[in-house]
Amino acid sequence: QVQLVESGGGLVQPGGSLRLSCVANSGIIFNSMAWHRQAPGKQREAVAIIISTGNTNYADSVKGRFTISRDNDKNTMYLQMNSLKPEDTAVYYCNAVTLRGSVYWGQGTQVTVSS
């Protein structure tokens, strides 16, 4: 059973930075990995995605502030978040899709941006 475990969330002031990590307990090579987030009362939305070629894509709301990356040797994906805003407050979820189309989700990590 593949498990994804997120870490790195917390409370940060506006303008601050956080780095989220997502570790997979398996050596499976995922076709794509992504970060999603869900704010209270809102639908879950995709924030950033990275595919096996290394290509990335970002939601307009985070372009220029967030950077997604992955280390296949460590089965880990990261999300570097800079210039954080209160509207970035949400639970952030790790998502991974295998070559066969199996989809996995982590349990989420809370990010709160507040002064």
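Reference entry: report on the structure contained in this document.

Definitions and cut-offs
- Every chain is numbered on its own, with residues counted from 1 as its sequence reads.
- Whole-chain, interface and lining totals are the exception, using all residues; otherwise, since this is a predicted model, local features are given only for residues with pLDDT of at least 70 and side-chain atom pairs are given and counted only at 80 or more.
- By convention in this description, side-chain values take in all heavy atoms of the structure and omit both hydrogens and water.
- Here, a disulfide means two cysteine sulfur atoms that sit within 2.5 Å of each other.
- Counting from the N terminus, the helices are the DSSP runs of H or I reaching at least four residues and the strands are the DSSP runs of E reaching at least two.
- For each residue, the accessible area found with a 1.4 Å probe, counting protein chains only, is set against the maximum for its type, and the residue is called buried under 20%, exposed over 50%, and partly exposed in between.
- A carboxyl oxygen of Asp or Glu within 4 Å of a side-chain nitrogen of Lys or Arg is what we treat as a salt bridge.
- The pairing criterion is simple: DSSP has to find at least two bridges between the two strands.
- Fitting a line to C-alpha atoms yields each axis, with helices limited to the stretch in contact; the angle taken between N-to-C directions then spans 0 to 180 degrees.
- We call two residues contacting when some pair of their heavy atoms lies within 4.5 Å.
- Just so you know, the count uses Lys and Arg for positive and Asp and Glu for negative, and it drops His and the chain ends.
- The term polar contact refers here to a pair of N or O atoms within 3.5 Å; inside protein, the definition further demands a hydrogen-donor-capable atom paired with an acceptor-capable atom, and it admits residues adjacent in sequence only when both atoms are side-chain atoms.

With that settled, the discussion passes to the state of the cysteines. As used here, a disulfide is simply a covalent bond connecting the sulfur atoms of two cysteines. All told, the structure shown has one disulfide when counted by the stated rule. Each disulfide pairs two cysteine sulfurs, and for Cys22 the partner residue is Cys94, the sulfurs being separated by 1.9 Å. In this structure the cystine formed by Cys22 and Cys94 twists about its S-S bond by roughly -65°; its chirality is therefore left-handed. Residue Cys22 is located in strand β3 (residues 18-24), and its partner Cys94 is located in strand β9 (residues 90-98); the two are separated by 72 residues in the primary sequence. Each member of the pair, Cys22 as well as Cys94, carries the same accessibility label: buried.

Glancing now at the pattern of salt bridges. Summed over the entire model, instances satisfying the criterion amount to four salt bridges. A salt bridge links Arg37 to Asp88; the nearest nitrogen and oxygen atoms lie 3.0 Å apart. Pair noted here: Arg37 is in strand β4 (residues 30-38) and Asp88 is in the loop between β8 (76-81) and β9, with a separation of 51 residues, a long-range link. Residue Arg37 is classed as buried on the basis of its relative accessible area of 6%. The class for Asp88 is buried, based on a relative accessible area of 1%. Across the pair Arg65 and Asp88 runs a salt bridge whose closest N-O atoms are separated by 2.8 Å.

Bringing the sheet that holds β3 into the picture now. If you trace the four strands from one edge of the open sheet to the other, you get β1-β3-β8-β7, paired in antiparallel fashion. Among the strands making up the open sheet, the edge pair consists of β1 (4-7) and β7 (66-71). Direction aside, the axes of adjacent strands within the sheet are offset by 15° on average. Note that β3 and β8 share six bridges and pair antiparallel.

Within the secondary structure, His36 is located in strand β4. His36 has contacts with Arg44, Glu45, Ala46, Val47, Val91, Tyr92, Tyr93, Asn95 and Trp105, leaving out every residue within four places of it along the chain.

Looking at the secondary structure, you find Arg70 in strand β7. Although buried, Arg70 forms no salt bridge, and the nearest oppositely charged side chain, Asp71, lies 8.6 Å from it. Engagement of the side chain of Arg70 in a polar contact is seen with the backbone oxygen of Phe30, the distance being 3.2 Å. Polar side-chain contacts of Arg70 include one of 3.1 Å to the side chain of Asn72. The contacts of Arg70, once residues within four sequence positions are left out, are Phe30, Asn31, Ser32, Met33, Ile50, Ile51, Ser52, Thr76 and Met77.

These figures come from the coordinates and say nothing about function on their own.
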